[in-house]
2 protein chains.
Amino acid sequence: MMGALKGDVRTINGSNDMQEDVFMDGLMMDFPLTLDLVLRRAEQHFHHKEIVTRMPGKGWHRYTYGEMAVRAKRLALALQSAGIKEGDCVATLCWNHYRHLEAYIGVPVIGAVLHTLNLRLHPDDLAYIASDARDRMVIVDESLLPLLNQFKDAVGFEKIIVVTEQGVAPDGMEDYEAFIAPFEAADYVQIPLRENMAAGICYTSGTTGKPKGVVYSHRSNVLHSIGAGLESGIGLSERDTLLPVVPMFHANSWGLPYAALMLGPKLVFPGPYLDGETLLDGFASERVTVSAGVPTVWNALLATLAVKKDDYDLRCLRKLIVGGSAVPVSMIQAFDEKYGIGVVQAWGMTELSPVGTVSNLTSALLEAPKADQYLYRAMQGTPMPLVEIRARGDAGLAAWDGETMGELEVRGPWISSAYLNRPDAADRFTEDGWFKTGDIVTIDPVGYIKIQDRSKDLVKSGGEWISSVDLENTIMGHEDVAEAAVIAVPHPKWDERPLAVVVRRAGSSLDEATLRCYLAERVAKWWIPDAIVFVEEIPKTSVGKFKKTALREQFSEYQFQQSN
Amino acid sequence: MMGALKGDVRTINGSNDMQEDVFMDGLMMDFPLTLDLVLRRAEQHFHHKEIVTRMPGKGWHRYTYGEMAVRAKRLALALQSAGIKEGDCVATLCWNHYRHLEAYIGVPVIGAVLHTLNLRLHPDDLAYIASDARDRMVIVDESLLPLLNQFKDAVGFEKIIVVTEQGVAPDGMEDYEAFIAPFEAADYVQIPLRENMAAGICYTSGTTGKPKGVVYSHRSNVLHSIGAGLESGIGLSERDTLLPVVPMFHANSWGLPYAALMLGPKLVFPGPYLDGETLLDGFASERVTVSAGVPTVWNALLATLAVKKDDYDLRCLRKLIVGGSAVPVSMIQAFDEKYGIGVVQAWGMTELSPVGTVSNLTSALLEAPKADQYLYRAMQGTPMPLVEIRARGDAGLAAWDGETMGELEVRGPWISSAYLNRPDAADRFTEDGWFKTGDIVTIDPVGYIKIQDRSKDLVKSGGEWISSVDLENTIMGHEDVAEAAVIAVPHPKWDERPLAVVVRRAGSSLDEATLRCYLAERVAKWWIPDAIVFVEEIPKTSVGKFKKTALREQFSEYQFQQSN
């Protein structure tokens, strides 16, 4: 029977219009992965769930996902009425709060593009990126008007919408509530969206060069949101109460706003209050189960807890997602052993929407000794489903042996393929379509990555690589060290040698010789920095990372006292 | 600044080739969601994880995901070498075992289409569906050759590959091991796949009419697999040990084979042994954490446990996913209270890949009384992320009030848009692109669906609807009832009235009057069946559901004794 049919044109559904290659397609719905789906899910299944915001003055604003959806639609209608069309960029300059969430969903569902401006950038950079993205309008917190005023004229926004306390916006600007007031959610009609349409823009706050625009699509945001719900991701669910400390103006807010709308946790926004005490008060009073932020935040939290542990009931808190910089084992251990809170490290970049890997313990590690677990929890983890990794060293692809270093390359459906208006940055992508992260890693046999360094921060000593990050973490393991950064300094014999820049803990009188002995017991002899310089402070970027460019500049004339 | 630029052609990457509408796209990788990604994930991250199979003779076969991947590639090469090209269908007629898994992934990664034949169908039906799908080859278990021999000539397979015990296939057929033996995994080269390509075919084992072919795409299988990892799905992860009782020849095996390869649990295949004792032995000895199957299986398990509870250590078992038919509260309660095992009900259809909803408890229900929890756990649950639901009654879309009945309609990226070669079945889809499930449901305010009936099984009494399923479950709640089915019988006054067909528990002498009193306390008076008939057995379909068509035929001449 088959023989007679071979070579025939195969048709589906009995239609003769369909050609042979059509048979090859599945007969599944052409159902685009677009954010209107996320909005509908939020309003249909989570309308009763709470969204709580810490307001200026520290009181709480409370409403529900249902009310949020209504207001997001009113914002969408207001923007359409003001002339915003598909592909137009609408900027925000806001802290984490409920109106920012309304913009997160209300802007892209009309096909417009949400551009979250990073309020920690210099006004000149903000002028550059808002112009580069051609932002037509901006939604801005009243408290951030002084910042906006420094660059708004350089951009020429058509409309400035101000999130105010009293409903009064400055002349020439519009109050957010007044802006959405004339519109009724019932009038909202969902336009059809394509899944590859742009939905959002974030600029990388690179430590060198001009910021570069990363353009998220509806598809990438939807897929990334589902990833957040995986046990092998961050395991977020409707049963959680999520407090995102990570700013909504930074790296797509780690995808958490869309993940929340997709998965339905109670949401708690911290507003502008990111200090240890206010956060802890929020964790306790709102019974937060999951939070997410950079190590600096959790360090501050630990410091507060050290003196006020009994003031806060943290029994609900089960997971702190930490990203942005590597987490020292000591921090993971402190949260675990003193407070029973699990610190889960995630690694990502703005270009990855931003989560690439999460350091969950595998079934094998769950049965391993605690010390081994800490070792792995301090790594950057294994890739989320749909993300693929490899590392490239000087000799081609690096073996997955946990030892060979190489630059991490990644690919997947929520990873950048290019930067906005930046053909000069094409060298960040390989010819076969992978993104070069710039991070030097080792990959272990099951795919745990450990970041050894930023590519440009590696110390290349006599043809071998020294991981500045590893050295920093080892130095910071000393009880008298508050912070430590390691940079490469030119060396006549070895090309480069490490210089450690160290901040002592308050009250300590740690000296170079002591630290040198401490290191001798912990790292290879040739890794020991040629010099250790004590300083009062290490310069940091807008998101709290060590600003190594500044350090390198500061020590550009540095000469080692002795040659070895 | 913006003003001057409005109306300009907007370009990305500085290229002038790109037109205005291109700017609207995100700058994310064009990364297709195809099953080769799943194969790579399995081999890169889970190569050390075990896959265990209960073999004929009840011994265990053990190997790893890594060995599985190697052998799947060898199968892929063998199929290519035998002339299988993109879009060609390769059938399987197999139980749940490791070689079936090799086919699950080895067939679609070369662009071919895996067609899982349901070994419980009649040979005439198998001949029909294998011909309808134009299956070129078949992989068959040695033990199922007697079945294959009844329809193979009607299909004319080019090649029959036999999974044998001793490596000897009958004349004119090929041994599976001999078939893949000449090929080396290292020679495997992944061809590019498109995400909308067909990856698999399953036929619905409908109770009426010819089976209809559902064609899965790579995209639908990949997305569905991620769904399985969600807390709000079935929460599968690398930490689990999964024993899929649901056959790999039925409804895409609930998507579990691909979910496993994506997420990395230890896998335990039961082979052909689905009886309570052998399953329990497997659960205990392999420390299974999650299993999945139809209620019949779990009923058998409960019966075995009732007499041999102490023989099995089930402390690892945390979740039984139940689907295929509605689960009575009594079963959920028995597992929960006697054995501490969570029964999670899922609802789906072959056309949904197959999972549509899962009855996980929401945060609110977790704080509700146990009795309320059981009530909700006995419902079909809320839709997985990416699946949308609505119900249509006689008066348009039904309100989400938990009371108004309507036919459930669904849409989403893993839901059928058409059947293979069946333009006559176009009425199963709405004009605006939803699939009509044929299930009559109520939807509660947060989207919990409760199946009241199959559309065709509803009893339409005096213009009102009576749920036969609800009645059946209520009747089966009586301790002396083993099974009960309710069908509509024509009635001169009320159009239709319910007739209950009941199987007594062994040793019981339950009579109609007693059961009638029992029902009077539990359902509306007009729902009480006009007659209750006791029988020895209720006819069932190949997958263990009540065969109502057969019952209706059996009672087609039935006349109620009294009119009411």
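Residues numbered from 1 in each chain as written. Chains lettered and ligands numbered in written order. Predicted model: local features only at pLDDT ≥ 70, side-chain atom pairs only at ≥ 80, totals over all residues. Heavy atoms only, no water.

K.L.:
Got a minute to help me understand the packing of helix α12 (residues 276-285) of chain A against helix α13 (residues 295-308) of chain A in this structure?
P.N.:
Residues and elements named next belong to chain A. Two numbers describe how α12 lies on α13: the axes approach to 8 Å, and their chain directions differ by 80 degrees. It follows that α12 is roughly perpendicular to α13 by the angle criterion. On α13, the residues that touch G276, E277, L279, L280 and F283 of α12 are V297, W298, A300, L301, T304, L305 and K308. Each residue belonging to the contact of α12 with α13 can be placed in one class, and the counts come to 8 nonpolar, 2 polar and 2 charged. (Axes fitted to C-alpha atoms, helices over the stretch in contact; angles between N-to-C directions. Helix = DSSP H or I, 4+ residues; strand = E, 2+ residues; numbered from the N terminus. Parallel < 35°, antiparallel > 145°, perpendicular 65-115°, else oblique. Contact = heavy atoms within 4.5 Å. Nonpolar A, V, L, I, M, F, W, Y, C, P; charged D, E, K, R; others polar.)

K.L.:
For this particular structure, what's the right way to read the pattern of salt bridges?
P.N.:
A side chain of one charge can pair with a side chain of the opposite charge if their charged atoms are brought near each other. Inspection of the entire model under this criterion finds 74 salt bridges over all chains. With a shortest N-O distance of 2.8 Å, B:D281 and B:R54 are connected by a salt bridge. With B:D281 in helix α12 (residues 276-285) and B:R54 in strand β1 (residues 50-54), this pair connects stretches of sequence that are 227 residues apart. Residue B:E512 is joined to B:R516 by a salt bridge in which the shortest nitrogen-to-oxygen separation is 2.8 Å. Of this pair, B:E512 and B:R516 both sit in helix α18 (residues 512-520), 4 residues apart, which is roughly one turn of the helix. With a relative accessible area of 27%, B:E512 lands in the partly exposed category. Three or more residues joined by partner-sharing salt bridges are found here, namely A:D36, A:R40, B:E388 and B:R411. (Salt bridge = Lys/Arg side-chain N within 4 Å of Asp/Glu carboxyl O. Buried < 20%, exposed > 50% of the residue type's maximum accessible area, 1.4 Å probe, protein only.)

K.L.:
Help me understand the environment of A:A418 in this model?
P.N.:
Within the secondary structure layout, A:A418 lies in the loop between β19 (406-411) and β20 (435-443). When the C-alpha positions of A:A418 and A:Q44 are compared, they lie 36 Å apart, and in sequence the two are 374 residues distant.

K.L.:
Could you clarify how one ought to interpret the interface of chain B and chain A in this entry?
P.N.:
For interface size, the figure often reported is the accessible area lost on association. The interface is formed by 100 residues belonging to chain B together with 101 residues belonging to chain A. In this assembly, chain B packs against chain A so that about 8,000 Å² is buried in total across both faces, 58% of it on carbon and sulfur atoms. Its largest share of buried area at the contact with chain A, chain B owes to B:M28, B:M29 and B:R134, together 11% of the area lost on that side. One can count 6 salt bridges joining chain B with chain A. A:D25 is paired through a salt bridge with B:R194; the nearest N and O atoms lie 2.9 Å apart. The tally of links from chain B across to chain A stands at 30 residue pairs in polar contact (both at pLDDT 80 or more). When residues of the side of chain B that touches chain A are assigned to their parent elements, the largest contribution, 6 residues, is made by helix α10 (residues 218-229) of chain B. Class assignment of the residues belonging to the side of chain B that touches chain A gives a composition of 49 nonpolar, 28 polar and 23 charged. (Buried area = accessible area lost by both parts, 1.4 Å probe. Polar contact = N/O pair within 3.5 Å; in protein donor to acceptor, adjacent residues only side chain to side chain.)

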